[in-house]
Amino acid sequence: MSTHTVQYNGLELEFELIRKDVKFVNLRVNKHGEVVVSASKKVPFSVIEEFVESKTPWIITHLAEIEKLRQNLPPSGFYDGKTLYFLGRPYCLVTSRGPSEIQIQGDKIYMFSKSTTQNALRDEYLLWLKNQAKIKFEEIMNQIYPLVAPYGILRPTIQIRNMKTLWGSCTTGGNTIRLNLQLMKASEDCIEQVVLHELVHFRYKNHGQGFYTLLSLLMPDWKVRKSKLESKFKDGV
Ligand SMILES: [Zn+2]
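Predicted model only: the values in this text are computed from it and were never measured.

1. As for the pairing of strand β7 (residues 101–105)
Here's step 1: Along β7, only zero of the five residues are buried, which leaves the element largely exposed.
Here's step 2: Where β7 folds back on strand β8 (residues 108–113), the antiparallel hairpin that results is connected by two residues, among which Gly106 adopts a positive phi of roughly 60°.

2. A few points about the sheet that holds strand β6 (residues 89–97)
Here's step 1: With mixed pairing, the four strands of this open sheet are ordered in space as β5-β6-β8-β7. The open sheet has two edge strands with one neighbour each: β5 (83–86) and β7. In this sheet, adjacent strand axes meet at a mean angle of 35° when their direction is disregarded.
Here's step 2: The pairing of β7 with β8 spans five bridges and is antiparallel.

3. Concerning helix α4 (residues 188–200)
In an α-helix, one turn spans 3.6 residues; hence positions three or four apart end up facing the same way.
Here's step 1: Taking 1.5 Å of rise per residue, the 13 residues of α4 would be expected to cover 18 Å, and the 18 Å separating its terminal C-alpha atoms lies within 8% of that figure.
Here's step 2: With respect to burial, α4 is a largely interior element, 10 of its 13 residues being buried.
Here's step 3: Buried within α4 we find Cys190, Ile191, Gln193, Val194, Val195, Leu196, His197, Glu198, Leu199 and Val200.
Here's step 4: In this fold, the buried residues of α4 make contact with α3 (118–148), β10 (168–171), β11 (176–180), α5 (209–218) and α6 (222–231).

4. Things to note about the sheet that holds strand β4 (residues 35–39)
Here's step 1: Reading across from one edge, β1-β2-β4-β3 is the order of the four strands in this open sheet, with mixed pairing throughout. Only two strands of the sheet have a single partner each, and these edge strands are β1 (2–8) and β3 (25–29). Adjacent strand axes in the sheet meet at a mean angle of 30°, parallel and antiparallel pairs treated alike.
Here's step 2: Where β3 meets β4, five bridges bridge the pair, whose relative direction is antiparallel. Bridge pairing links Val25 to Ala39 in β4.

5. A few points about the packing of α3 against α4
Here's step 1: Remark: α3 packs on α4, axes separated minimally by 10 Å, with the N-to-C direction vectors making an angle of 45°. The pairing of α3 with α4 is recorded here as oblique in orientation. At the point where α3 passes α4, the crossing takes the right-handed sense. Side by side, α3 and α4 meet where Ile140, Met141, Gln143, Ile144, Tyr145, Leu147 and Val148 of the first sit next to Glu188, Ile191, Glu192, Val195, Leu196, Leu199 and Val200 of the second.
Here's step 2: A per-class count over the contact of α3 with α4 returns 11 nonpolar, one polar and two charged.

6. Regarding the nonpolar core
Here's step 1: In this structure, Leu183, Ile191, Val194, Val195 and Leu196 are the most contacted members of the largest nonpolar core, which totals 32 residues.
Here's step 2: Those elements that provide at least two residues to this core are β5, β8, α3, β11 and α4.
Here's step 3: Counting contributing residues per domain, this core is built from domain 2 (83–125) and domain 3 (127–231), each supplying no fewer than three.
Here's step 4: Here Val194 is in contact with Trp167, Gly168, Leu179 and Leu183, once residues within four sequence places are set aside.
Here's step 5: Core analysis: the second largest hydrophobic core is formed by eight residues, Val6, Phe15, Val35 and Ile48 among them.

7. So, the domain arrangement of the chain
Here's step 1: When cut into domains, the chain gives domain 1 (2–70), domain 2 (83–125) and domain 3 (127–231).
Here's step 2: Just the C-alpha atoms count here: the centres of domain 1 and domain 3 sit 49 Å apart.

8. Points about the packing of α4 against α5
Axes are the key here: two packed helices are described by the angle between their axes and the distance separating the axes.
Here's step 1: At a minimum axis separation of 10 Å, α4 and α5 run at an interaxial angle of 140°. One element, α4, and the other, α5, form an angle in the oblique class. At the point where α4 passes α5, the crossing takes the right-handed sense. Note on element contacts: α5 touches α4 through Phe211, Leu214, Leu215 and Leu218, opposite Leu196, His197 and Val200.
Here's step 2: Of the residues in the contact of α4 with α5, the class split is six nonpolar, one polar and no charged.

Each value, and the rule that gives it
- Residues numbered from 1 in each chain as written.
- Predicted model: local features only at pLDDT ≥ 70, side-chain atom pairs only at ≥ 80, totals over all residues.
- Buried ≥ 20, exposed ≤ 12 C-beta atoms within 10 Å, placed from the backbone.
- Helix = DSSP H or I, 4+ residues; strand = E, 2+ residues; numbered from the N terminus.
- Pairing = 2+ DSSP bridges.
- Axes fitted to C-alpha atoms, helices over the stretch in contact; angles between N-to-C directions.
- Expected span 1.5 Å × (residues − 1).
- Contact = placed C-beta atoms within 7 Å.
- Parallel < 35°, antiparallel > 145°, perpendicular 65-115°, else oblique.
- Left-handed = near helix turned anticlockwise from the far one by under 90°.
- Nonpolar A, V, L, I, M, F, W, Y, C, P; charged D, E, K, R; others polar.
- Core = buried A, V, L, I, M, F, W, Y, C linked by C-beta atoms within 7 Å.
- Domains from an automatic or database assignment.

Following this line, the structure appears as structure tokens:
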């Protein structure tokens, strides 16, 4: 085994070369983020160098994904085989070319699309998810709102936004609650907790004693649901 480097757009990329009995040249990135190349003894080094250079964009993408895994963040790519969460369950993404359609069958999400780039596919998926959210969030509101109706709280309208940090927020003046599209990745009990939290804010603006007393009365296990929401269901999309 020997260590070599190639240059790519001013970037130095290191790789391990193993000469062994393979057909031509194989390249892989292992889980430690090391680039390992195996090549037949017959292949000249200049050909191997060229091969590694041609693979550099792919290598860089993979190294970035591995780095994210190391930081315990889900990979942000949108590709076949990716794990997507939908209402608390993991699904495997399967993409095909065809007129736009998304179907869930078994443990797979089948996505038909004319888009070819990961960004366009992701946008299309998020649009579909938002349409699903419009139905699901109303359903959950139907179940949760009766809990707070006796406290003189009016049923608010729901807005859906794809947000980075907040799960939900409310505007008491406009009688609106805003829910994060990302909640569609979580199980329903977690979404219920967020909806109830925002509804209770129409009675208590701040997180004071009164707020938590009412929340705990209406949903005694809200803390369990909240910590479940924080620790699971992230898929990077
Ligand atoms: Zn709050």
